[in-house]
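Chain by chain, the residues run as shown.
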Amino acid sequence: RYQPVSFMLESRSGGRLEFMDMIRRCNNVGVAVVVDTLTNHMAFGSGVGIANSSFGVRDFPAAGFNTESFHHLPDEPLSNCGVDDMLSPHNVQ
């Protein structure tokens, strides 16, 4: 269910107004809402998201991400780089 392609508050669960209403209702009964984000966690594949945002392999224009926004091997923008040295800031960032 969580496969973001943009940062728009539009999903199968509703939009911005529904989200604000849910927070208001939760707060009214003593439930605090904490929003947690992973800004570089994006959907796999390609297509069009719920909010009509197009996306492709490592290309998320509505979120401002392209292939260079993601970790990859040198000169191979579509590859995944592995973490093999947890003591190296460059390797784990």
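First things first, this report covers the structure right here in the doc. Because the structure is predicted, anything quoted here is derived from the model rather than measured.

## Some thoughts on the layout of surface pockets
Thinking step 1. When its volume is computed, the second largest pocket comes out at roughly 240 Å³.
Thinking step 2. In this structure, the second largest pocket is lined by 11 residues; those nearest its centre are Met42, Ala43, Phe44, Arg58 and Phe60.
Thinking step 3. Looking at the lining of the second largest pocket, its residues break down into 7 nonpolar, 3 polar and 1 charged.

## Notes on the side chain of Ser6
Thinking step 1. Residue position: Ser6 is located in the segment before helix H1 (16-28).
Thinking step 2. Taking the relative accessible area as the measure of exposure, Ser6 reaches 11% and is therefore buried.
Thinking step 3. At a separation of 3.2 Å, a polar atom in the side chain of Ser6 contacts the main-chain amide nitrogen of Met8.
Thinking step 4. When residues no more than four places from it in sequence are discounted, the contact partners of Ser6 are Met42, Ser53, Ala62 and Ala63.

## Section: the environment of Ala51
Thinking step 1. Examined against the element boundaries, Ala51 turns out to sit in the loop between strand S1 (47-48) and strand S2 (54-55).
Thinking step 2. A relative accessible area of 23% means that Ala51 is categorised as partly exposed.
Thinking step 3. Here the alpha-carbon distance between Ala51 and Val83, two residues 32 residues apart in the chain, equals 33 Å.
Thinking step 4. If we skip the residues at most four places from it in the chain, Ala51 touches Met8 and Glu10.

## Thoughts on H1
Thinking step 1. Under the 1.5 Å per step criterion, the end-to-end length of H1 is 18 Å for 13 residues, consistent within 8% with the ideal 18 Å.
Thinking step 2. Once H1 ends, the next one or two residues include Gly30, with phi positive near 85 degrees.

Cut-offs used in this document
- Residues numbered from 1 in each chain as written.
- Predicted model: local features only at pLDDT ≥ 70, side-chain atom pairs only at ≥ 80, totals over all residues.
- Heavy atoms only, no water.
- 1 Å grid on protein atoms, 1.4 Å probe; cavity = no way out; pocket = protein on both sides within 12 Å on 5 of 7 lines; lining within 4 Å.
- Points joined across faces, edges and corners; volume = space filled by probe spheres on them.
- Nonpolar A, V, L, I, M, F, W, Y, C, P; charged D, E, K, R; others polar.
- Helix = DSSP H or I, 4+ residues; strand = E, 2+ residues; numbered from the N terminus.
- Buried < 20%, exposed > 50% of the residue type's maximum accessible area, 1.4 Å probe, protein only.
- Polar contact = N/O pair within 3.5 Å; in protein donor to acceptor, adjacent residues only side chain to side chain.
- Contact = heavy atoms within 4.5 Å.
- Expected span 1.5 Å × (residues − 1).

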